[in-house]
Amino acid sequence: MSYKIAVIIEEIGQSYQSAIISGISLGAEKYSLNVSAFTSFSGDMDNPRHDMGELNVFNLPDFADFDGAILLTNTLSHQAVVSDILERITIAGIPAVSIDNDLEGFYHIGIDNASAMRVVTEHMINIHNYKRFAYISGPAENPESSARLNAFRTVLGEHGLEIADKAVAYGDFRAPSGKAAVEQFLEELPEPPEAIVCANDVMAASAITALVSHGLRVPEDVAVTGFDDTYNSHNYQMELTSVVRPLELSGELACKMLYNHFHGITQKRDIILNMSARFTESCGCGHNALSDVNELRELNYRNFSNFESIQAYMSVLNRMSTQLLACNNFDEYIASLKRIAVEIHPDEFYFCLCENWDSETDVDRSTNSNKRRKAVPLAYTDYVIVPISYNNGEFHECCRIRSQDILPPVAEDGTEGKLYFINPLHFGERCLGYMAIRSTRLPLQNIMFETFCINISNSLENIRKLMCLEYAVKRLGSLYTMDTFSGIFNRNGFMQATEDIYKDCVENRRDIMLMFIDLDGLKGINDTYGHSTGDKAICSIADVLVESCQAGEVFCRFGGDEFIVFGADYTEDMAKKLTKAIQENINKVNDTGFNPFILSASTGYVIAAPKKGEDIFRFVTEADQKMYDVKRKKKLLRYA
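Quick notes on the rules
Residues numbered from 1 in each chain as written. Predicted model: local features only at pLDDT ≥ 70, side-chain atom pairs only at ≥ 80, totals over all residues. Heavy atoms only, no water. Helix = DSSP H or I, 4+ residues; strand = E, 2+ residues; numbered from the N terminus. Rg over C-alpha atoms; globule rule 2.2 N^0.38 Å. Buried < 20%, exposed > 50% of the residue type's maximum accessible area, 1.4 Å probe, protein only. Contact = heavy atoms within 4.5 Å. Areas by Shrake-Rupley, 256 points an atom, 1.4 Å probe, with all protein chains shown as cover. Phe/Tyr/Trp six-rings, centres within 6.5 Å; stacked < 30°, edge-to-face > 60°. Lys NZ or Arg CZ within 6 Å of the ring centre and 35° of its normal. Core = buried A, V, L, I, M, F, W, Y, C linked by side-chain atoms within 4.5 Å. Expected span 1.5 Å × (residues − 1). Axes fitted to C-alpha atoms, helices over the stretch in contact; angles between N-to-C directions. Parallel < 35°, antiparallel > 145°, perpendicular 65-115°, else oblique. Left-handed = near helix turned anticlockwise from the far one by under 90°. Nonpolar A, V, L, I, M, F, W, Y, C, P; charged D, E, K, R; others polar. pLDDT = per-residue confidence, 0-100. Pairing = 2+ DSSP bridges.

A. Region of the structure containing the overall build of the chain. Looking only at helices and strands, the chain has 16 helices and 22 strands in total. Its C-alpha radius of gyration of 37 Å places the chain more than 25% over the 26 Å reference for a compact globule of 640 residues. Expressed along its principal axes, the backbone C-alpha trace of the chain runs to roughly 125 × 55 × 50 Å. Scored against the burial criterion, the 640 residues of the chain give a buried share of 51%. Restricting to contacts in the chain with at least 6 residues of sequence separation, those with at least 24 account for 74%. Surface exposure of the chain reaches about 29200 Å², of which carbon and sulfur atoms provide 51%.

Shown next as structure tokens:
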């Protein structure tokens, strides 16, 4: 039996998340779990509307359809989103493993943050005799971040040291936070700190770069430490003092814990992994310079291979961006995206669009049957269309699936141990759909994958706007040609619809029929029942013409209560038949008894072969005169 697992994670391009995802991928294959990793990129765009659209992907899974979940809620920057996810998982009643954040009621894999930070801080004080510290923290509300900062403060206090509030900077675990913190310290502190302790390696590496840009040497002027050991020590300008932790093992163990749960294997709720401090160049412990030539060659080869991979990926991204933005319609867009899908060689690629993705108005906020939409207001539609379904080298027919199913039926091929990345398609708050990608070759955890997703979303929005512009042009054309009151052509529409065929009739001496229809007694209806009832009478005549003109005739509301009908290759018998049909349909309206008035109209027509230079409205005038003769005879009969 294959088990479905949902993973909740944000910013998969970061080193910490990437390492854990790699472990989950190994665990999925090892324990035959099919994993859907719901991922987003938010928080680094300085655009709340963009973040809203990204975070909406976490509303996509119906956890009742999954057998278990793996949570990295410490990577999510919006607590309201976290609370909503936890509530839905609890209601679904499925087992879940939380990595690092210890959440009540869930399995937990973590580390002893306090002990690890204590070891690092005591080393800096006892071995290096640093006394003037600064600290770069993660978000204040993040449990891991708080545990590390509190441990740091505790150790300082035990050694009689203090740290000013200005010497603590709160970041978000991303590189820009490290640089911003250094700028803050150099500007606000009376003198540079002797050592900067950081809550992770990414901010530490960025802090070192910022210090060097200001002419400060590391560690001679300022020592720096990191945490998590996510930076390969020899891929940076110096080796980082850090805390080594088995991130990849965390992901693999999360899969194992769910496997044990499904198979009734006894296990502890909580696993605390061992860590070890690694003291090296950046704190002043010297460096472990590479001396083995083969190791240096291996390092150079790895770096060159990474560089080549990045260059190739960037080339694909640039080509994709220009090709997609050059598309003029949806069919071109899908064809272009299919070519790109082949080029990046995914194992599976599913492009899923909300049924209202091309809507001209705001996305309906109540389309999804799941009513618990607290954190993110815009929802996925109950069904999505899948215009691109690529599986193991083949494209499959477009299909329509329930959004809660996530993947189309073709994905259910019996293979176990799959890992899919589910990424949102959106523009600002507007929810367009999602992509599901599985690849054993494409570096989906690479930071460039974010650019890949953004390019596709932006180009899709470009197509949506082109389509909306086309809709608007059509509507404007309709307003120009249609009588919005009666729902049939106005004079402009009549002229456009008859122009070409009338010219052909002139050139080829074909007979035309022009009929003029006038509503009888409109003034009396208005005076007796009001103008709204009179308007209904006018619309009733328009409806009668729709029902009566079934041989390709063109008709319109000429003005007020007057209508005209045009037909090509008409005979006298055809004109009489049309006149009879109009009268019969008027009788049908009267037979319903719905109206307080008796609907009546007078008609007159002319049949002729138009000559060059003769305007169609010459025949309108002639038909009008014949209609007037009919109307006059009706009045004489009425008073006879």
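There's more to say after this.
B. Quick look at the packing of aromatic side chains. Enumeration according to the criterion identifies 15 aromatic pairs in this entry. On the numbers, 4.7 Å between centres and 50° between planes, the contact of Tyr390 with Phe395 is tilted. Ring centres 6.0 Å apart and planes at 70° place the aromatic pair Phe516 and Phe558 in the edge-to-face group. Here Phe516, found in strand 19 (residues 512-519), pairs with Phe558, found in strand 20 (residues 554-559); they are 42 residues apart in sequence, far enough to count as distant. In this pair, the class of Phe516 matches that of Phe558, namely buried. Three or more aromatic residues link up through ring pairs in this structure, and these residues are Phe41, Phe421, Phe449 and Phe452. Just above the ring of Phe395 sits the side chain of Lys338; from NZ or CZ to the centre is 5.3 Å. Lying across the ring of Phe558, Arg491 places its NZ or CZ 3.8 Å from the centre.

C. Just the nonpolar core, in detail. The biggest cluster of nonpolar side chains holds 146 residues, and the ones touching the most others in it are Phe351 and Phe452. When residues of this core are assigned to their parent elements, the largest contribution, 8 residues, is made by helix 11 (residues 448-481). Dropping the residues within four chain positions of it, Phe351 is found in contact with Tyr333, Ile334, Leu337, Ile385, Val386, Pro387, Ile388, Leu425, Tyr434, Met435, Ile456 and Leu460.

D. Fine view of unusual backbone geometry. Look at the link from Val218 to Pro219: it is a cis peptide, with omega at 10°. Turning to its location among the elements, Pro219 is positioned in the loop between helix 7 (201-213) and strand 9 (223-225). Despite not being glycine, Ser32 shows a phi value in the positive range, around 55°. Along the chain, Ser32 turns up in the loop between helix 1 (15-30) and strand 2 (33-40). Using a relative accessible area of 26% as the deciding quantity, one classes Ser32 as partly exposed.

E. Fine view of helix 8 (residues 247-262). If you check helix 8, its first and last C-alpha atoms are 24 Å apart, about what 16 residues at 1.5 Å a residue would give, namely 22 Å. Where helix 8 is concerned, the buried positions are Leu247, Ser250, Gly251, Glu252, Leu253, Ala254, Cys255, Met257, Leu258, Asn260 and Phe262. Positive phi shows up at Gly264, right after helix 8, with a value of about 70°.

F. Broad picture of the packing of helix 14 (residues 531-548) against helix 15 (residues 572-592). Relative to each other, helix 14 and helix 15 sit at 130°, their axes nearing to 9 Å. Here helix 14 is positioned oblique relative to helix 15, judged by the angle of their axes. The hand of the helix 14/helix 15 crossing is right-handed. Note on element contacts: helix 15 touches helix 14 through Leu578, Ala581, Ile582, Asn585, Ile586 and Val589, opposite Ile541, Val544, Leu545, Glu547 and Ser548. Of the residues belonging to the contact of helix 14 with helix 15, the class tally is 8 nonpolar, 2 polar and 1 charged.

G. Local environment of the confidence of the model for the chain. In this model, the chain carries a mean pLDDT of 89, and residues with pLDDT of at least 70 account for 90%. Strand 3 (residues 68-71) holds the highest mean pLDDT among the elements of the chain, 98, whereas helix 9 (residues 293-325) holds the lowest, 72. This model gives residues 363-377 a pLDDT under 50, and the stretch forms 40 contacts once residues within four places in sequence are excluded.

H. Expanded view of the environment of Tyr16. One can find Tyr16 in helix 1. Judged by relative accessible area, which is 11%, Tyr16 ranks as buried.

I. Region of interest: the sheet that holds strand 22 (residues 601-608). Spatially, 20-21-19-22 is the arrangement adopted by the 4 strands of the open sheet, whose pairing is antiparallel. On the outer flanks of this sheet lie strand 20 and strand 22, each paired with one strand and no other. Recorded for the sheet is a direction-independent mean angle of 20° between the axes of neighbouring strands. Pairing of strand 20 with strand 21 (residues 562-568), which is carried by 5 bridges, proceeds in the antiparallel orientation. Bridge pairing in strand 21 links Phe555 to Val565.

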